[in-house]
Amino acid sequence: YWALNPQTAFDGYLGYTRRDYPGAGSAKDFSGPTGRITLHWSPISRLMTQWTFRRELGARTDLVSNYSLVTAFGFIPTYQLTQKIQLNGRLETQKRDFGGNPGLATGTPFLLPSGRVNYIGVGSRYEFTPKVFFGLEYLRESRNADNSALDYTANIVLLTAQGSF
């Protein structure tokens, strides 16, 4: 975490990821730069924004893919409406590339739905007590895959409760 001034800060990590599977052939291996950089910027006292760029391995490991490489850019604005209520938005675009295709399902590589996933959403958070929060968020998710038969749009409503002790 590095604070440039009271309104601006950065955090994140940069690295090189290498994943080898000896004996499985190079089709399952991955090596390359990965990381996440987030800019936190608060132009006025009640408005906070997060701008994130990331290139990370996604959580996908199964018979037809060993990893998904996710390159994404996101923006999350948060407005402190009152001392207890926050309003927020979310925009994110992800490019997903599935790799490490061992071809175990058919003996030949299986085509996976690489493409772009976009999110847009709005939400709110209520601080019931300093250690208990409730949230409600609406997200619209859409995927444009390499194969149009795998495109979709989803409407998601998230209701969350968080407590800490």
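For the structure itself, consult the block above.
Rules of the game
For every chain, the first residue of its written sequence is number 1, and the numbers climb from 1 along that sequence. Residues qualify for local features only when their pLDDT is at least 70, as the model is predicted, and side-chain atom pairs are given and counted only at 80 or more; totals for whole chains, interfaces and linings, by contrast, use all residues. Side-chain metrics in this entry use all non-hydrogen atoms of the structure; hydrogen atoms and water are not considered. Numbering of helices and strands starts at the N terminus; helices are DSSP runs of H or I of at least 4 residues and strands are runs of E of at least 2. Exposed residues in this analysis have more than 50% of their type's maximum accessible area, buried residues have under 20%, and partly exposed residues fall in between, with area computed by a 1.4 Å probe over protein chains only. This count recognises Lys and Arg as positive and Asp and Glu as negative, with His and chain-terminal groups excluded. Each salt bridge in this description consists of a side-chain nitrogen of Lys or Arg and a carboxyl oxygen of Asp or Glu lying within 4 Å of one another. Any N or O atom pair separated by 3.5 Å or less is treated as a polar contact, with the protein-specific requirement of one donor-capable and one acceptor-capable atom, and with residues adjacent in sequence counted only for side-chain atom pairs. By definition, residues are in contact when any of their heavy atoms lie within 4.5 Å.

Visitor: Before we move on, could you go through the side chain of Glu 141 and cite the residues and values that matter?
Guide: Mapped onto the elements, Glu 141 comes out in strand β8 (residues 132-145). Within the buried set, Glu 141 has no salt-bridge partner at all; the shortest N-O distance to an opposite charge, 5.2 Å, is to Arg 96. Side-chain polar atoms of Glu 141 contact the side chain of Tyr 152, separated by 2.2 Å. If sequence neighbours within four positions are ignored, Glu 141 has contacts with Val 117, Asn 118, Tyr 119, Tyr 152, Thr 153, Ala 154 and Ile 156.

Visitor: So what's going on with the environment of Thr 38? Which residues, and what values?
Guide: For Thr 38, the location among the structural elements is in strand β3 (residues 30-44). The buried category is assigned to Thr 38, whose relative accessible area is 5%. Along the backbone, Thr 38 and Ala 9 are 29 residues apart, and their C-alpha atoms lie at a distance of 8.3 Å. Not counting the four nearest positions on each side in its chain, Thr 38 is found in contact with Ala 9, Phe 10, Asp 11, Gln 50, Trp 51 and Thr 52. Separated by 3.1 Å, the side chains of Thr 38 and Thr 52 make a polar contact.

Visitor: Can you break down the environment of Thr 129 residue by residue, with the values?
Guide: Considering the arrangement of structural elements, one finds Thr 129 in strand β7 (residues 115-129). Judged by its relative accessible area of 27%, Thr 129 is partly exposed. Spatially, the C-alpha atom of Thr 129 lies 9.2 Å from that of Gly 163, the residues being 34 residues apart in sequence. Within the structure, Thr 129 has its side chain in polar contact with the backbone nitrogen of Val 132 (distance 3.2 Å).

Bear in mind that shape data such as this cannot, by itself, settle questions of function.
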